[in-house]
Amino acid sequence: MLPQIDVFLDNGYTKEEMKMVWETQKILGDDRIAVNPTAVRVPVFYGHSEAVHIETREKITSQEALHLLKQSPGIVVVDERVAGGYPTAVTEGAGHDPVYVGRVREDLSHPRGLNLWVVSDNIRKGAALNSIQIADILIQNYL
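The model shown is predicted, which means the values in this text are computed figures rather than measured ones.

Asker: Run through the nonpolar core, naming residues and quoting values.
Answerer: Generally speaking, a soluble globular protein has its nonpolar side chains buried in company with each other. Counting 9 residues, the largest nonpolar core is built from Ala65, Leu66, Leu69, Val99, Val101, Val104, Leu114, Leu116 and Val118. Listed by contribution, the elements that provide at least two residues to this core are helix H2 (62-71), strand E3 (99-106) and strand E4 (113-120). Excluding residues within four positions of it along the chain, Leu116 makes contact with Glu50, Ala51, Val52, Ile54, Leu69, Val101, Gly102, Arg103 and Val104.

Asker: With reference to specific residues and values, describe the side chain of Thr56.
Answerer: Among the structural elements, Thr56 can be located in the loop between strand E1 (48-55) and H2. Take Thr56: its relative accessible area is 16%, and that puts it in the buried class. Here the side chain of Thr56 touches Glu58 through a polar contact of 2.5 Å, landing on its backbone oxygen.

Asker: Talk me through H2; I want residue IDs and the actual numbers.
Answerer: Of the positions making up H2, those classed as buried are Ser62, Ala65, Leu66 and Leu69. Axial view of H2: buried residues confined to an arc of 100°, hence all on one face. Exposed side chains of H2 directed beyond 90 degrees from the buried face belong to Gln63, Leu68 and Gln71. Elements in contact with the buried residues of H2: strand E2 (75-77), E3 and E4.

Criteria and thresholds
Residues numbered from 1 in each chain as written. Predicted model: local features only at pLDDT ≥ 70, side-chain atom pairs only at ≥ 80, totals over all residues. Heavy atoms only, no water. Core = buried A, V, L, I, M, F, W, Y, C linked by side-chain atoms within 4.5 Å. Buried < 20%, exposed > 50% of the residue type's maximum accessible area, 1.4 Å probe, protein only. Helix = DSSP H or I, 4+ residues; strand = E, 2+ residues; numbered from the N terminus. Contact = heavy atoms within 4.5 Å. Polar contact = N/O pair within 3.5 Å; in protein donor to acceptor, adjacent residues only side chain to side chain. Arc of directions from axis to C-beta.

Written as structure tokens, this is what we have:
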């Protein structure tokens, strides 16, 4: 695994890591959202995998988070607390459109923190598929 994607910037983060910060703030429309990324290149054919750590304004339990995730379109929850009971880029992500979430648990270091493991097929779920999905929403709701 290579702990560098793209070039290093003056702040010590790579351009890819800073894109994660900028895109998150842009998509959610809030420059106050703090993101502390480390991007690692894993040599696989397809797939993005992320360990996501979030802090919420109000406490959300892991069970509440799982309920919300299961209701969210485009997300598939694979969260069984047994060996292999979580998604991987190879087994779930590759060749499929949804984003898979597992290992949902409360953060031991923060009272309002949650940890999630997220995987997807970066070829299917990325700019191209997102563009089609946005176009579908525009056609259905605005055109």
